[in-house]
Amino acid sequence: ELLRSERLAVIGEFSRAIAHGIRNPLASIRAAAQVAGARSTDSRVADTLQDVIQEADRLDGRVRGLLDYSRPFRASVQSVDLAALLEEVADSLRAQASAQEFETTVAVACPPGVAIDTDRASLSEVLYELGVNGLRAMREGGHLTLEVTVDDQVRIRVTDTGTGIPKGQEETIFEPFFTTRTEGTGLGLPTVLKLVEGLHGGLSLVRSGDDGTTIEVRFPV
C-alpha cells in the first residue's frame with residue numbers, strides 16, 4: 001500500500017506537469033486549426049485541419065486520463081437498479097459496436113430487482129470501460145455479455161469472445177501504463193480498478209483465452 005501510494009503521488013506530480021506544459025498550447029493549436037478550417041475553401045486543406053483537431057483531442061484525452069487516474073476519488077452513494085444501469089451501458093456499447101466493420105452483439109443478463117448502494121456514474125464508467133475493452137478485443141466481431149449473478153456477493157461479469165490477453169500478461173493488466181495497444185495509454189483498467197476499490201468492491205480477471213475474456217466486478221450483498 002505504501003509503494004502504491006508513493007507511485008500515485010509520482011504519477012500525480014507527473015500528470016500535473018504534463019497538463020501544465022501541454023494542455024494550454026494544445027488548446028491553442030486546436031483553436032487555430034478550427035479557425036483556419038472555417039476560413040479554408042480548399043477541401044483537402046480542411047480535411048487536413050480536421051485531422052489536426054482530432055489528434056489534438058486524442059492527445060488531450062491522454063492527458064485527461066493521467067489527471068483522472070491521479071485525482072482522489074469521491075463517491076456519491078445512492079441505490080442503483082443494476083438491470084436499468086446495465087441496459088443503459090449496453091445501449092452505449094451497441095452504438096460503439098455499430099461503427100465496427102464486423103457484426104458485434106451486446107447482451108444483458110440480470111435478475112429483476114437487484115440493487116446496490118453505490119456511485120451510479122462511477123459504476124457506469126467502470127462497466128463501459130470494460131465493455132469497450134471487450135469490443136476492441138473482438139476485431140472480427142463477436143458477442144459481448146454483461147451478466148449479474150447474486151450469491152454471497154453481487155457479481156457483474158463482462159465477457160467478450162475476443163482474442164484474449166497475451167499469455168504471461170494476465171497479472172499486469174491492472175498496472176498503470178501497461179497496454180497491448182499501440183494507441184492505448186495503459187490507464188483504462190488501472191482507473192477501473194481505482195474506481196471499483198473506491199466503491200468498496202473487488203475486481204478480478206476470471207479467465208482469458210483464445211475464445212475470449214471475462215472480468216468480474218464484485219460488491220457485498
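A few points on the structure.

Counted at 1.5 Å a residue, the expected span for helix α3 (residues 82-97) with its 16 residues is 22 Å, and the 22 Å between its end C-alpha atoms agrees. If you check which residues of α3 are buried, you get Leu82, Leu85, Leu86, Val89, Ala90, Leu93 and Ala97. One face of α3 carries all of its buried residues, which in axial projection span an arc of 135°. Where α3 is buried, its residues touch β1 (77-81), β2 (104-109), β3 (115-119), α4 (120-137), β4 (142-150) and β5 (153-160). With a side-chain oxygen lying 3.0 Å from the backbone nitrogen of Ala83, the N-terminal cap of α3 falls on Asp81.

So, on to the sheet that holds strand β7 (residues 212-220). Taken in spatial order, the five strands line up as β2-β4-β5-β7-β6 in an open sheet, and their pairing is mixed. Each edge of the sheet is formed by a strand with only one pairing partner; in this case those strands are β2 and β6 (202-209). Here the strands of the sheet are splayed against their neighbours by 15° on average, with no regard to which way each runs. Both β4 and β5 contribute to a ladder of six bridges, which runs antiparallel. Bridge pairing in β5 places Val148 opposite Ile156.

In this structure the tally under the stated criterion is eleven salt bridges. With its nearest N and O atoms 3.9 Å apart, the salt bridge here joins Glu87 to Arg94. By relative accessible area, which is 31% here, Arg94 ends up partly exposed. A salt bridge links Arg207 to Asp211; its shortest N-O distance comes to 3.2 Å. You can call Arg207 partly exposed: its relative accessible area is 32%. Connected through shared salt-bridge partners, Asp151, Asp152, Arg155, Arg157, Glu216 and Arg218 make up one network.

Now for the pairing of β7. For β7, the buried fraction is high: eight of the nine residues fall into the buried class. As defined by bridge partners, β5 adjoins β7 across eight bridges and the pair is classed as antiparallel. If you follow Asp160 over to β7, its bridge partner there is Thr213. Bridge count between β6 and β7: seven bridges; the pairing is antiparallel. Residue Gly202 lies in a different strand from β7, and its bridge partner there is Arg218. What sits between the antiparallel neighbours β6 and β7 is a turn of two residues.

The N-to-C vectors of α3 and α4 enclose an angle of 40°; their axes lie 10 Å apart at closest approach. Overall, the two elements α3 and α4 adopt an arrangement that is oblique. Handedness of the α3/α4 crossing: right-handed. Contact residues: α3 offers Leu82, Ala84, Leu85, Leu86, Glu88, Val89, Ser92, Leu93, Gln96 and Ala97, while α4 offers Arg120, Leu123, Ser124, Leu127, Tyr128, Gly131, Val132 and Leu135.

The backbone phi angle of His200 is positive, close to 65°, even though this residue is not glycine. Along the polypeptide, His200 turns up in the loop between α5 (188-198) and β6. Classification of His200 as exposed rests on a relative accessible area of 68%.

Cut-offs and rules
- Residues numbered from 1 in each chain as written.
- Predicted model: local features only at pLDDT ≥ 70, side-chain atom pairs only at ≥ 80, totals over all residues.
- Heavy atoms only, no water.
- Helix = DSSP H or I, 4+ residues; strand = E, 2+ residues; numbered from the N terminus.
- Expected span 1.5 Å × (residues − 1).
- Buried < 20%, exposed > 50% of the residue type's maximum accessible area, 1.4 Å probe, protein only.
- Arc of directions from axis to C-beta.
- Contact = heavy atoms within 4.5 Å.
- Polar contact = N/O pair within 3.5 Å; in protein donor to acceptor, adjacent residues only side chain to side chain.
- Pairing = 2+ DSSP bridges.
- Axes fitted to C-alpha atoms, helices over the stretch in contact; angles between N-to-C directions.
- Salt bridge = Lys/Arg side-chain N within 4 Å of Asp/Glu carboxyl O.
- Parallel < 35°, antiparallel > 145°, perpendicular 65-115°, else oblique.
- Left-handed = near helix turned anticlockwise from the far one by under 90°.

These figures capture arrangement, not role.
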